[in-house]
Amino acid sequence: MESSGENLFQVKKERSYISCLVNGCSYGFKHLGMLLRYIWPSLALAIVLPIPFLFFFAAQTDAVLRKWIELGYLPNVTMKAMRHDIEKCANRSVIAVLLSFLMFVLAAVGVASLVLPIILGWKYLWSILIFVAVIILFLEMEVVVMQVRFSDLPIKECFGSGFRIAWRNLGKVFAFDFLLYFLSIIILMLGSIPYIILSSAGLQAYRGWQIGDALDLPVLFPLYVFLSAYILMAVTLLTFLVGSFADCLMWGSLVNEVPAETEADR
């Protein structure tokens, strides 16, 4: 991977959200091949059996990102060399993944708040207020997850400090999240094309079979569907891996902006 010297990359440094996104994603993508040699076992297991190996994949990712923060470059890591670091990150990574699932629930609530007024006849003012409140809570939870993943603060303190940092930087965090999730959705849509095509073909064939048409599908068609689902899962995990470098830089930028007295209070 990287070596020290001129290739040192300071993570805790004030940056714009554009710089965090561009530099983080490009850095992660640049080292993707080398990262795969370290992370491929958990990647393969998480594709086939997401639970519990998704948590192990997250722990491996956080362990290598912590090394990046500590050293300023990505060392040549192996599973054996990183075993202690992975064990150290395991509990925090599990909490971070569970909080990320909670964030997706919040996102669903935010979308529902825009649809329910049409169904239930609510006034749109309440819908907008709920949507804004959910967005703010989502952004604050995003910074909390960053604190859990990349800092050594106790979990309880991660919530307090994460909420404070997010509240002072709502605009920056919102712009960063919007661009990162927008790009992620585009990549996931491309990765889902094989699965969507095969699933649609299977559904149409099933409907035809129900009305009496002959079922004419390749013998290995179910295998193709499973492979397309595995491709989508692989694209999702790799997107998470590369995007985590951008998250790491964003966290470093936010922490670097914390006033000295706030740091002392923590």
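Thresholds applied
- Residues numbered from 1 in each chain as written.
- Predicted model: local features only at pLDDT ≥ 70, side-chain atom pairs only at ≥ 80, totals over all residues.
- Heavy atoms only, no water.
- Helix = DSSP H or I, 4+ residues; strand = E, 2+ residues; numbered from the N terminus.
- Buried < 20%, exposed > 50% of the residue type's maximum accessible area, 1.4 Å probe, protein only.
- Contact = heavy atoms within 4.5 Å.
- Axes fitted to C-alpha atoms, helices over the stretch in contact; angles between N-to-C directions.
- Parallel < 35°, antiparallel > 145°, perpendicular 65-115°, else oblique.
- Left-handed = near helix turned anticlockwise from the far one by under 90°.
- Salt bridge = Lys/Arg side-chain N within 4 Å of Asp/Glu carboxyl O.
- Phe/Tyr/Trp six-rings, centres within 6.5 Å; stacked < 30°, edge-to-face > 60°.
- Patch = residues over 30% accessible without salt bridge, like charges linked within 9 Å, V, L, I, M, F, W, Y side chains within 5 Å.
- Areas by Shrake-Rupley, 256 points an atom, 1.4 Å probe, with all protein chains shown as cover.
- Core = buried A, V, L, I, M, F, W, Y, C linked by side-chain atoms within 4.5 Å.
- pLDDT = per-residue confidence, 0-100.
- Polar contact = N/O pair within 3.5 Å; in protein donor to acceptor, adjacent residues only side chain to side chain.
- Expected span 1.5 Å × (residues − 1).
- Arc of directions from axis to C-beta.

### Let's talk about the environment of Phe138
Turning to step 1, where the next piece is worked out: Take Phe138: it is sitting in helix H5 (residues 124-150).
Turning to step 2, where the next piece is worked out: The exposure class assigned to Phe138 is buried, which follows from its relative accessible area of 14%.
Turning to step 3, where the next piece is worked out: Separated by 28 residues in sequence, Phe138 and Ala166 have C-alpha atoms that sit 9.9 Å apart.
Turning to step 4, where the next piece is worked out: Excluding residues within four positions of it along the chain, Phe138 makes contact with Met103, Leu106, Ala107, Asp177 and Tyr181.

### Some thoughts on the packing of helix H2 (residues 32-48) against helix H9 (residues 221-256)
Turning to step 1, where the next piece is worked out: With their axes 10 Å apart at the nearest point, H2 and H9 run at an angle of 135 degrees to one another. Between H2 and H9, the interaxial angle falls into the category oblique. As for how H2 packs across H9, the hand of that crossing is right-handed. Of H9, the residues touching H2 (which contributes Leu32, Leu35, Leu36, Ile39, Leu43, Ala46, Ile47 and Val48) are Tyr230, Met233, Ala234, Leu237, Leu238, Leu241, Val242 and Phe245.

### Some thoughts on the pattern of salt bridges
Turning to step 1, where the next piece is worked out: The final tally for this structure, using the stated rule, is 4 salt bridges.
Turning to step 2, where the next piece is worked out: Note that Arg66 is salt-bridged to Asp152, the shortest N-O span being 2.7 Å. Of this pair, Arg66 sits in helix H3 (residues 50-71) while Asp152 is found in the loop between H5 and helix H6 (155-168), placing the two residues 86 residues apart along the sequence.
Turning to step 3, where the next piece is worked out: When its relative accessible area of 15% is taken as the criterion, Arg66 is described as buried.
Turning to step 4, where the next piece is worked out: For Asp152, a relative accessible area of 60% corresponds to the exposed category.
Turning to step 5, where the next piece is worked out: One salt bridge in this structure joins Arg83 and Glu87, with 3.4 Å as the shortest N-O distance. Here Arg83 pairs with Glu87, and both are found in helix H4 (residues 83-120), just 4 residues apart, close to one helical turn.
Turning to step 6, where the next piece is worked out: Three or more residues joined by partner-sharing salt bridges are found here, namely Asp62, Arg149 and Asp247.

### Observations concerning unusual backbone geometry
Turning to step 1, where the next piece is worked out: Along the chain, Ile51 connects to Pro52 via a cis peptide bond; the corresponding omega equals 15 degrees.
Turning to step 2, where the next piece is worked out: Within the fold, Pro52 resides in helix H3.

### Here we look at the packing of aromatic side chains
Turning to step 1, where the next piece is worked out: This model, assessed by the stated rule, comprises 9 aromatic pairs.
Turning to step 2, where the next piece is worked out: Three or more aromatic residues joined by ring pairs make a cluster, and in this case those are Tyr27, Trp68 and Phe245.

### Describing a nonpolar patch on the surface
Turning to step 1, where the next piece is worked out: Together, Val48, Leu49, Val219, Leu220, Leu223, Tyr224, Phe226, Leu227 and Tyr230 give the surface a local cluster of nonpolar side chains, amounting to about 880 Å² of exposed area.
Turning to step 2, where the next piece is worked out: Per-element tally for the nonpolar patch: the top contributor is H9, with 5 residues.
Turning to step 3, where the next piece is worked out: Inspection of the secondary structure puts Phe226 in helix H9.

### Some thoughts on the nonpolar core
Turning to step 1, where the next piece is worked out: Of all hydrophobic cores here, the largest spans 63 residues; its most connected members are Tyr38, Trp68, Phe176 and Leu237.
Turning to step 2, where the next piece is worked out: Going through the elements one at a time, helix H1 (17-30), H2, H3, H4, H5, H6, helix H7 (170-191) and H9 are the ones with two or more residues in this core.
Turning to step 3, where the next piece is worked out: A total of 13 residues in this core trace back to one element, the largest contributor, which is H9.

### Re the confidence of the model for the protein
Turning to step 1, where the next piece is worked out: On average, residues of the protein score 83 in pLDDT, and 86% of them reach the 70 mark or higher.
Turning to step 2, where the next piece is worked out: The secondary structure element of the protein with the lowest average pLDDT is helix H10 (residues 260-265), at 41, and the one with the highest is H7, at 93.
Turning to step 3, where the next piece is worked out: Confidence drops under pLDDT 50 across residues 1-6; counting only partners more than four residues distant or on other chains, this segment forms 16 contacts.
Turning to step 4, where the next piece is worked out: This model gives residues 260-266 a pLDDT under 50, and the stretch forms 10 contacts once residues within four places in sequence are excluded.

### Focus: the environment of Glu142
Turning to step 1, where the next piece is worked out: Topologically, Glu142 is positioned in helix H5.
Turning to step 2, where the next piece is worked out: The class for Glu142 is buried, based on a relative accessible area of 5%.
Turning to step 3, where the next piece is worked out: For the pair Glu142 and Phe163, spaced 21 residues apart in sequence, the C-alpha to C-alpha distance is 9.2 Å.
Turning to step 4, where the next piece is worked out: Other than its neighbours up to four places away in sequence, Glu142 contacts Met103, Asp177, Tyr181 and Asp247.
Turning to step 5, where the next piece is worked out: Of the polar contacts made by the side chain of Glu142, one reaches the side chain of Tyr181; its length is 3.1 Å.

### Examining H6
Every α-helix carries 3.6 residues per turn, so stepping three or four residues along brings you back to the same face.
Turning to step 1, where the next piece is worked out: Counted at 1.5 Å a residue, the expected span for H6 with its 14 residues is 20 Å, and the 20 Å between its end C-alpha atoms agrees.
Turning to step 2, where the next piece is worked out: Regarding H6, the residues found buried are Cys158, Ser161, Gly162, Ile165 and Ala166. Looking straight down H6, one finds its buried side chains confined to an arc of 130 degrees; they lie on one side. Residues of H6 that are exposed and point more than 90 degrees away from the buried face comprise Lys156 and Trp167.

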